Structure formats: structure tokens, C-alpha cells
Amino acid sequence: MADSEMDEKEEEKLWREYKKNRSPSIRDKFIRQYMPLVKYVAGKVSTGMPDNVEYDDLVGYGQFGLLDAISKYDPDKGVKFKTYAVTRIRGAIFDELREMDWVPRSVRQKSREIEDAIVTLESKLGRTATDAEIAESMGMTESEYQSAVMKVSGTSVLSLNDVWYSGDDSDHMSIGDSIEAPSSLNPDVIVEREEVRRVIIQAIKELPENEKMVIVLYYHEDLTFKEIGQVLNVSESRISQLHTKANLRLRAKLTSLRKGIF
């Protein structure tokens with residue numbers, strides 16, 4: 001994470017100064033301070049990625065996110081820069097990955113098929129569907145369903161960062177962003193964000209306990225899959241599978257919201 005080169009009071013003073021004069025020397029100081037954060041986020045994103053996605057490239061993409069965060073950060077919002085920057089860094093990395101379109105079409109199609117099955121089934125059941133029920137609805141055995149989930153697991157890290165709503169051209173919002181308090185001045189966007197936030201919180205509550213635990217530890221406690229595996233005493237690949245299942249369910253909930261099902 002970021003080096004402790006500055007104490008909080010010094011950093012707060014620098015942010016206020018930078019907001020007034022946009023000093024290049026202060027900006028460079030912030031870049032040096034938070035480059036370790038870029039490397040940390042890139043390292044997390046690189047977990048489970050295919051071989052053609054290079055860690056150094058992810059760091060490069062993340063640097064753009066850091067520069068964007070430094071440019072747009074408002075210390076008056078009451079959010080710590082590190083919290084704000086992580087979202088921007090991660091978002092910049094995912095934007096570049098989407099531009100690369102590195103996910104094979106067959107894998108993308110399988111992911112969509114699973115999401116669609118979950119949407120249809122859960123809207124009919126009025127509750128969270130079990131793996132066995134999802135598998136049956138797709139004409140698969142449960143073992144075949146688990147295998148399908150593993151095939152899409154390398155792409156699921158993007159799930160909480162896909163853009164779902166946007167208030168205007170400069171205000172794209174990801175599922176991950178929506179978990180944070182809305183900051184837009186547009187009342188319609190605030191309403192949209194609060195609705196998405198409400199659905200996500202409810203959807204997370206409804207996840208099976210082991211999937212919920214993985215989501216909390218990964219996105220809120222900032223642990224890696226390996227670290228979560230050690231906490232829960234299961235393999236890293238099992239954590240990857242649980243993470244994928246949870247993301248597919250959350251994406252299905254958001255898809256349902258957009259269609260007006262929920």
C-alpha cells in the first residue's frame with residue numbers, strides 16, 4: 001500500500017494547496033506517495049488473469065487512474081484519497097482490459113448464459129437459487145455447472161467494475177462505485193445510485209454464506225484470493241470459484257433491476 005511519507009495533517013494541507021494552485025511539484029509528490037498503491041491494485045487484478053495479461057501493463061494502466069484521481073480528488077468530500085484512488089486505479093485498468101477485449105467470445109457467452117439462467121430462475125422462485133437448481137435449469141448436471149463456472153472464473157474479476165448506469169458523459173458508474181455514497185449533484189443520478197446501492201446490498205445479504213464471505217473479504221477487507229483461502233482453509237481455486245459465483249449472482253440482480261424485474 002502507499003508509503004507513509006506524509007502524515008495525515010501534512011497531506012491534507014498539501015491537497016488543499018494543490019486544489020488552489022495545481023502545483024506540478026505537489027502532484028509529483030502525490031504520484032511518488034501513491035505509486036505503491038497502483039502496484040498493489042495491479043497485483044490484485046493480475047490474480048487469475050490469463051498469461052497474455054502482463055502485470056507491468058496493468059501497472060501502466062493503473063498509473064493513468066492515479067493521475068485521474070489526483071486531478072479530480074476533492075478533499076472537501078470527506079473521503080480519504082486512498083479510498084477514492086483505488087476505485088479510479090482499478091477502473092482505469094479495467095477500461096484498458098475492456099479495450100483489449102481479451103475475454104474469448106465463447107467464455108463471454110457462457111457467462112451471459114449463466115447470468116440469464118439466474119435472472120429467470122430467481123425471478124420465478126423469488127429467492128436465491130441453489131447451484132443444483134441453476135444447473136437443472138440449464139440442462140446440466142451440477143458437476144457440469146461447476147466446470148462452466150470455473151471456465152468463466154478468470155473473467156469475473158471485471159464483474160463488479162462493469163459500467164451499469166451513467167448520469168452524463170463524465171459520470172459513468174460501476175457496481176463497485178455504487179457501493180460508495182453518491183457524490184453527484186444531479187438528483188436523478190443520486191436516486192439511480194441509491195437504488196443500485198440498495199439492490200447490491202440486498203443481493204450481497206442474500207448470497208450463500210461462503211460466497212458472501214469471499215465478497216466481503218475481497219472487496220471490503222482487500223484480501224487476495226490466496227489470503228482468503230488461508231482464512232477459510234480452502235484452496236485458492238475454490239475461492240476463485242466462489243468469487244465467480246457471487247459476481248454472477250450480483251450481475252444477475254443488476255440486470256434484473258435494469259429490466260424492472262426487481
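As a starting point, this report considers the structure included with it. These figures come from a predicted structure and were not determined experimentally.

Calculation notes
Residues numbered from 1 in each chain as written. Predicted model: local features only at pLDDT ≥ 70, side-chain atom pairs only at ≥ 80, totals over all residues. Heavy atoms only, no water. Core = buried A, V, L, I, M, F, W, Y, C linked by side-chain atoms within 4.5 Å. Buried < 20%, exposed > 50% of the residue type's maximum accessible area, 1.4 Å probe, protein only. Helix = DSSP H or I, 4+ residues; strand = E, 2+ residues; numbered from the N terminus. Contact = heavy atoms within 4.5 Å. Salt bridge = Lys/Arg side-chain N within 4 Å of Asp/Glu carboxyl O. Axes fitted to C-alpha atoms, helices over the stretch in contact; angles between N-to-C directions. Parallel < 35°, antiparallel > 145°, perpendicular 65-115°, else oblique. Left-handed = near helix turned anticlockwise from the far one by under 90°. Nonpolar A, V, L, I, M, F, W, Y, C, P; charged D, E, K, R; others polar. Arc of directions from axis to C-beta. Phe/Tyr/Trp six-rings, centres within 6.5 Å; stacked < 30°, edge-to-face > 60°. Lys NZ or Arg CZ within 6 Å of the ring centre and 35° of its normal.

Moving on, we come to the nonpolar core. Grouped together as the largest cluster of nonpolar side chains are 29 residues, with contacts concentrated most on Val45, Leu58, Leu66, Phe81, Ile89, Ile93 and Leu97. Every element with two or more residues in this core is listed here: α1 (8-21), α2 (24-46), α3 (55-72) and α4 (81-100). If one sorts the elements of this core by residue count, α2 sits on top with nine residues. For Ile93, the residues in contact, after removing those within four places along its chain, are Val41, Ala42, Val45, Leu58, Tyr61 and Gly62. Of all hydrophobic cores here, the second largest spans 17 residues; its members include Ala203, Tyr219, Leu242 and Leu250.

Where charged atoms from two side chains of opposite charge approach closely, those side chains can pair. For the structure on display, the rule yields 14 salt bridges. Across the pair Glu122 and Arg249 runs a salt bridge, and its minimum N-O distance is 3.5 Å. In this pair, Glu122 is assigned in helix α5 (residues 105-125) and Arg249 in helix α12 (residues 236-259), connecting sequence segments 127 residues apart. There is no split in this pair, since Glu122 and Arg249 are both buried. Residue Asp131 is joined to Lys245 by a salt bridge in which the shortest nitrogen-to-oxygen separation is 2.6 Å.

A separate point is the packing of α3 against α4. Here α3 crosses α4 at 135°, and the two axes come no closer than 7 Å. Judged by the inter-axis angle, α3 sits oblique to α4. Considering the relative orientation of α3 and α4, their crossing is right-handed. Contact with α3, carried on its side by Leu58, Tyr61, Gly62, Phe64, Gly65, Leu66, Asp68, Ala69, Ile70 and Lys72, involves Phe81, Tyr84, Ala85, Arg88, Ile89, Ala92, Ile93, Glu96, Leu97 and Met100 of α4 and no other residues of that element. Residue composition of the contact of α3 with α4, by class: 14 nonpolar, two polar and four charged.

It is the contact of α1 with α2, at a shortest axis distance of 10 Å, that shows an interaxial angle of 135°. Taken as axis vectors, α1 and α2 run oblique relative to one another. Note that α1 runs across α2; the crossing there is left-handed. Mapping the contact onto sequence places Glu10, Glu11, Leu14, Trp15, Glu17, Tyr18 and Asn21 in α1 and Ile26, Arg27, Lys29, Phe30, Gln33 and Tyr34 in α2. When its residues are assigned to classes, the contact of α1 with α2 shows six nonpolar, two polar and five charged.

The next subject is helix α11 (residues 225-232). Residues spaced three or four apart along an α-helix point in a common direction, a consequence of the helix completing one turn every 3.6 residues. Inspection of α11 places Phe225, Ile228 and Gly229 among the buried residues, and these make up the whole buried set. Buried residues of α11 fall within an arc of 105° about the axis and therefore sit on the same side. Seen from the buried face of α11, the exposed residues on the opposite side, beyond 90 degrees, are Lys226, Gln230 and Val231. One or two positions beyond α11, positive phi appears at Asn233, with a value near 60°.

The geometry of an aromatic ring pair is captured by the separation of the ring centres together with the interplanar angle, meaning the angle of the planes. Within this structure, the stated rule accounts for nine aromatic pairs. Judged by centre distance (6.2 Å) and plane angle (75°), the rings of Trp15 and Tyr18 are edge-to-face. With Trp15 and Tyr18 both in helix α1 and three residues apart, the pair spans about one turn of that helix. The buried category is assigned to Trp15, whose relative accessible area is 3%. Three or more aromatic residues joined by ring pairs form one cluster here, namely Trp15, Tyr18, Phe30, Tyr34, Tyr73, Phe81 and Tyr84. In this structure, Lys44 packs its charged tip against the face of Tyr218, placed 4.0 Å from the ring centre.

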